[in-house]
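This is what each chain is made of:
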Amino acid sequence: MEVVTVNNKNSNPIVIGSQITALLERQNKLIQKEKDTLLEESIDIMSKCTSTSKLENFDTGLIFGYVQSGKTLSFTSVIALAKDNGFRMVIILAGTKNNLLTQTTDRIKTDLMVDTTNKKHFKVLENPSAQKHTIILNSLLSQRRKPLIIITMLKHGGRIDNVATLLSHSDIQEKLGSQPVLIIDDEADHHSLNSKEF
């Protein structure tokens, strides 16, 4: 484990732990220079996010990339860093179509080895709802191992309302408390929040 401080007075120190290290090692199609760049960029992004030491702090940022430029691997690397740095939940707005949601969910599961090696470290819920997932999410938040809960969802008003209702449940609010949550909008060019409001 290594702790890196980014040269920016507003940034958080970042732990380079086992999850980001293993993810980079698995990237056989990348040369070392590309892996180093991916790590540097992921650290830069994570350093600007709310940290576990800055509770009740809200930050909004925008990272953009071209089509087929490695955006999914970029935010998957940030998710691995989020796990290494004590985040409890990541919410991904993974597109407006079911095929995009499935593609992103499957890619995250594969890259982070969610269903095999890392099944104790990451749990993925796709399009969850309060009706079906309150007990499951409550159980995940109660686990001593503290898996990083990754919620992938359609960028659709009804689906967003479902997740908001799920997270507003009193037991879940109590367990999640003020632990940091990272929200990734993979369709930021399509009906996104005005970050000036935050």
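Details of the structure are given in the entry above.
As a convention, each chain's residues are numbered from 1 in the sequence order in which they are written. Local features are withheld for residues below a pLDDT of 70 in this predicted model, meaning they are given only at 70 or higher, and side-chain atom pairs are given and counted only at 80 or more; totals for whole chains, interfaces and linings count all residues. Side-chain figures throughout are based on the complete set of non-hydrogen atoms in the structure, without hydrogens or water.

### A few points about the pairing of strand E5 (residues 148-153)
For step 1, the next point in the chain: With a 1.4 Å probe rolled over the protein chains alone, any residue whose accessible area is under 20% of its type maximum counts as buried; one over 50% counts as exposed, and the rest are partly exposed. Starting at the N terminus, helices and strands are each numbered in turn, a helix being any DSSP run of H or I of at least four residues and a strand any DSSP run of E of at least two. The element E5 is largely enclosed, with a buried count of 6 among its 6 residues.
For step 2, the next point in the chain: Alternating residues of E5 divide into Leu148, Ile150 and Thr152 and Ile149, Ile151 and Met153, and every residue in both groups is buried.
For step 3, the next point in the chain: A pair of strands is treated as paired once DSSP finds two or more bridges between them. Two elements, strand E3 (residues 89-93) and E5, share 5 bridges in a ladder whose sense is parallel. What sits directly across from valine 90, in E5, is isoleucine 150.
For step 4, the next point in the chain: Direction of pairing for strand E4 (residues 122-126) relative to E5: parallel, over a ladder of 5 bridges. Looking across to E5, one finds that leucine 125 is bridged to isoleucine 151.
For step 5, the next point in the chain: Orienting the strands away from the viewer, one traces the path from the first strand over the helix to the second; a clockwise path indicates a right-handed crossover. Remark: the E4/helix H5 (residues 130-142)/E5 crossover connection has right-handed handedness.

### Topic: the sheet that holds E3
For step 1, the next point in the chain: Sheet architecture is open: 4 strands sit in the order E4-E5-E3-E6, paired in parallel fashion. The two strands at the open ends of the sheet, each matched to only one other strand, are E4 and strand E6 (181-185). On average, each strand axis in the sheet is tilted by 15 degrees relative to the strand beside it, whichever way the strands run.
For step 2, the next point in the chain: Bridge count between E3 and E6: 5 bridges; the pairing is parallel. Each residue of the ladder has a partner; that of isoleucine 92, found in E6, is isoleucine 184.
For step 3, the next point in the chain: Each of E3, E4 and E5 is contacted by H5, which is oriented at about 165 degrees to E4, the strand it contacts most. Note on method: axes are straight lines fitted to C-alpha atoms, helices fitted across the in-contact stretch only, with angles between N-to-C directions ranging 0 to 180 degrees. Every residue pair with non-hydrogen atoms within 4.5 Å of one another is taken to be in contact.

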